[in-house]
Amino acid sequence: MSSQSEILLAEPRGFCAGVDRAIEIVERALTKFGRPIYVRHEIVHNTYVVNDLKAKGAIFIEELSDVPPGATLVFSAHGVSKAVQREAEQRGFQIFDATCPLVTKVHVEVAKLHKEGYEFIMIGHKGHPEVEGTVGQLDSGIHLVEDEADVARVQPAQTAKLAVVTQTTLSVDDAASIMAAVKARFPQVRSPKQQDICYATQNRQDAVKLLSPQVDVVIVVGSPTSSNSNRLREVAKKLGTEAYMVDSADELKPEWFDGRSRVGLTAGASAPEILVQQVIERIRALGAVAVRKMDGIEETIKFPLPKGLKQEV
């Protein structure tokens, strides 16, 4: 790095309201009911967060058969299918649902339009837990498309009543181009009233779009499983800026910064600020002298906790 190099911090970055709430639900459940608390799937897609909660007494499972009868169970922020919900109730667990309210909003919309006879095209990533949860809101009638080629192949049973829903953590630009392909093939398709992509995903991508042209390299703090973190790296690369994603400061490679005087830094919505600070320290050790924060949207959204975990007054 050059002797005058600086780090430019994207704003906003890191935790969103849905992630804050999900982590708080697990921590409050541990305080109130003691360890262990079982969590279906990683509460949010971040290695540091998951390991921190494991140390406090959370046990992460994929199969409900791994949870003992009468245990307290938390659903992850990504949401679950109706089948998982039913099974958890039948097994008699005490359940706290940490599904992000913006994902729940998509589930509610699916249920409402399904009653009116709609089928759905869902834009999202196959195998992602949020997609599995949304597709699993119905027994059938939700057709997943990952790209424009999928749109050409999809075969709904009828096209008179067709609606689009999307995963909340997609690339805004990619989703728009897939949406355009859906509308071209099914002109009468109903699009969401407000887009399903969440405010935090949109804001973090917008911040990277501002950041990228001003720097020589972009570092995204986020775990490999985190959809929204992966999208941030892609947004920077599409704008022609070299970009890397790291789960922690240990993964930074000195050669990424060779001859580069300005480093852009952001973090996915599930990545805690402590990791960002550790990355800053490491880049400083490699020669950066200044840290500057960009101007950006200040997020003030807070989501309420479920009944039974609210603060006792």
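Quick summary incoming for the structure in this document.

Quick notes on the rules
Residues numbered from 1 in each chain as written. Predicted model: local features only at pLDDT ≥ 70, side-chain atom pairs only at ≥ 80, totals over all residues. Heavy atoms only, no water. Helix = DSSP H or I, 4+ residues; strand = E, 2+ residues; numbered from the N terminus. Buried < 20%, exposed > 50% of the residue type's maximum accessible area, 1.4 Å probe, protein only. Contact = heavy atoms within 4.5 Å. Areas by Shrake-Rupley, 256 points an atom, 1.4 Å probe, with all protein chains shown as cover. Lys, Arg positive; Asp, Glu negative; His and termini not counted. Charge placed at Lys NZ, Arg CZ, Asp CG, Glu CD. Pairing = 2+ DSSP bridges. Axes fitted to C-alpha atoms, helices over the stretch in contact; angles between N-to-C directions. Salt bridge = Lys/Arg side-chain N within 4 Å of Asp/Glu carboxyl O. Phe/Tyr/Trp six-rings, centres within 6.5 Å; stacked < 30°, edge-to-face > 60°. 1 Å grid on protein atoms, 1.4 Å probe; cavity = no way out; pocket = protein on both sides within 12 Å on 5 of 7 lines; lining within 4 Å. Points joined across faces, edges and corners; volume = space filled by probe spheres on them. Nonpolar A, V, L, I, M, F, W, Y, C, P; charged D, E, K, R; others polar. Core = buried A, V, L, I, M, F, W, Y, C linked by side-chain atoms within 4.5 Å.

## Remarks on the overall build of the protein chain
Thinking step 1. Within the protein chain, the regular secondary structure consists of ten helices and twelve strands.
Thinking step 2. Within the span of the protein chain, comprising 313 residues, buried residues form 53% of the whole.
Thinking step 3. Taking all contacts inside the protein chain whose residues are at least 6 apart in sequence as the whole, residues at least 24 apart take part in 75%.
Thinking step 4. If you sum the accessible surface of the protein chain, you get close to 14200 Å²; carbon and sulfur atoms cover 51% of it.
Thinking step 5. Between the averaged position of the 37 positive side-chain charges in the protein chain and that of its 41 negative side-chain charges there is a distance of 4 Å.

## Looking at the sheet that holds strand S1 (residues 6-9)
Thinking step 1. Strand order in the open sheet formed by five strands is S10-S9-S11-S1-S12, and the pairing between neighbours is parallel. Where the open sheet ends on each side, the last strands, each with one partner, are strand S10 (242-246) and strand S12 (290-293). Here the average twist between neighbouring strands, direction ignored, is 25°.
Thinking step 2. The pairing of strand S9 (residues 217-221) with S10 spans five bridges and is parallel. Paired with Val218 across the bridge in S10 is Ala243.
Thinking step 3. Helix-sheet contacts for helix H8 (residues 199-211) involve S1, S9 and strand S11 (262-267), and the interaxial angle to S11 is about 180°.
Thinking step 4. Sitting on the sheet, helix H10 (residues 273-285) touches S1, S9, S10, S11 and S12, and the angle it makes with S11 is about 165°.

## Some thoughts on unusual backbone geometry
Most peptide bonds take the trans form, and the phi angle of most residues other than glycine is negative.
Thinking step 1. Residue Glu11 is joined to Pro12 through a cis peptide bond whose omega torsion reads 0°.
Thinking step 2. Looking at the element boundaries, Pro12 is found in the loop between S1 and helix H1 (17-33).
Thinking step 3. Cis rather than trans, the peptide bond between Arg35 and Pro36 has omega equal to -5°.
Thinking step 4. Relative to the assigned elements, Pro36 resides in the loop between H1 and strand S2 (37-40).

## Some words on the pattern of salt bridges
Thinking step 1. Applying the stated criterion to the full structure yields 16 salt bridges.
Thinking step 2. In this structure, Glu6 engages Arg262 in a salt bridge whose closest nitrogen and oxygen atoms are separated by 2.8 Å. Taken together, the residues Glu6 in strand S1 and Arg262 in strand S11 connect sequence positions 256 residues apart.
Thinking step 3. Overall, Glu6 belongs to the buried group, its relative accessible area being 14%.
Thinking step 4. In this structure, Lys238 and Asp174 form a salt bridge, with 2.6 Å as the shortest nitrogen-oxygen distance.

## Comments concerning the sheet that holds strand S7 (residues 142-145)
Across a sheet, strands are paired by hydrogen bonds formed along the backbone, either parallel or antiparallel in direction.
Thinking step 1. Across the sheet, which stays open at both edges, the three strands sit in the order S7-S6-S8 with parallel pairing between neighbours. Looking at the sheet topology across the chains shown, the edges are occupied by S7 and strand S8 (162-166). The mean inter-strand angle of the sheet, taken between neighbouring strand axes irrespective of direction, is 25°.
Thinking step 2. Of the strand pairs in this sheet, strand S6 (residues 119-123) and S8 are connected by five bridges, and their pairing is parallel. Counted as the bridge partner of Phe120 is Ala163 from S8.
Thinking step 3. Packed onto the sheet, helix H4 (residues 101-115) meets S6, S7 and S8 and runs at close to 170° relative to S8.

## Some words on the packing of aromatic side chains
Thinking step 1. One pass over the structure, following the stated rule, counts two aromatic pairs.
Thinking step 2. Residues Tyr244 and Trp256 carry aromatic rings whose centres are separated by 4.0 Å and whose planes lie at 5° to one another, so their mutual orientation is stacked. Placement of Tyr244 in strand S10 and of Trp256 in the loop between S10 and S11 is noted, with a sequence separation of twelve residues between them.
Thinking step 3. Its relative accessible area of 22% is what places Tyr244 among the partly exposed residues.
Thinking step 4. On the accessibility criterion, Trp256 (11% relative accessible area) is buried.

## Examining the layout of surface pockets
Thinking step 1. In this structure, the largest pocket occupies an estimated 270 Å³ of space.
Thinking step 2. In terms of lining residues, the largest pocket is bounded by 20 residues, among which Phe15, Cys16, Asp20, Arg204 and Glu299 are the most central.
Thinking step 3. Of all the elements in the fold, those that place two or more residues in the lining of the largest pocket are H1 and H8.
Thinking step 4. Here the residues of the lining of the largest pocket are counted per class, giving eight nonpolar, two polar and ten charged.

## Remarks on the nonpolar core
Thinking step 1. One finds Val26, Ile43 and Val74 to be the most contacted residues of the largest nonpolar core, which totals 31 residues.
Thinking step 2. Elements with a minimum of two residues in this core: H1, S2, helix H2 (47-56), strand S3 (58-61) and H8.
Thinking step 3. For this core, the leading source of residues is H1, giving eight residues.
Thinking step 4. When near neighbours in sequence (up to four residues on either side) are disregarded, Ile43 contacts Ala22, Val26, Val49, Leu53, Phe60, Val74, Phe75, Ser76, Ala77, His78 and Ala98.
Thinking step 5. Among the nonpolar cores identified, the runner-up in size contains 20 residues, and Ile219, Val221, Trp256 and Ala267 belong to it.

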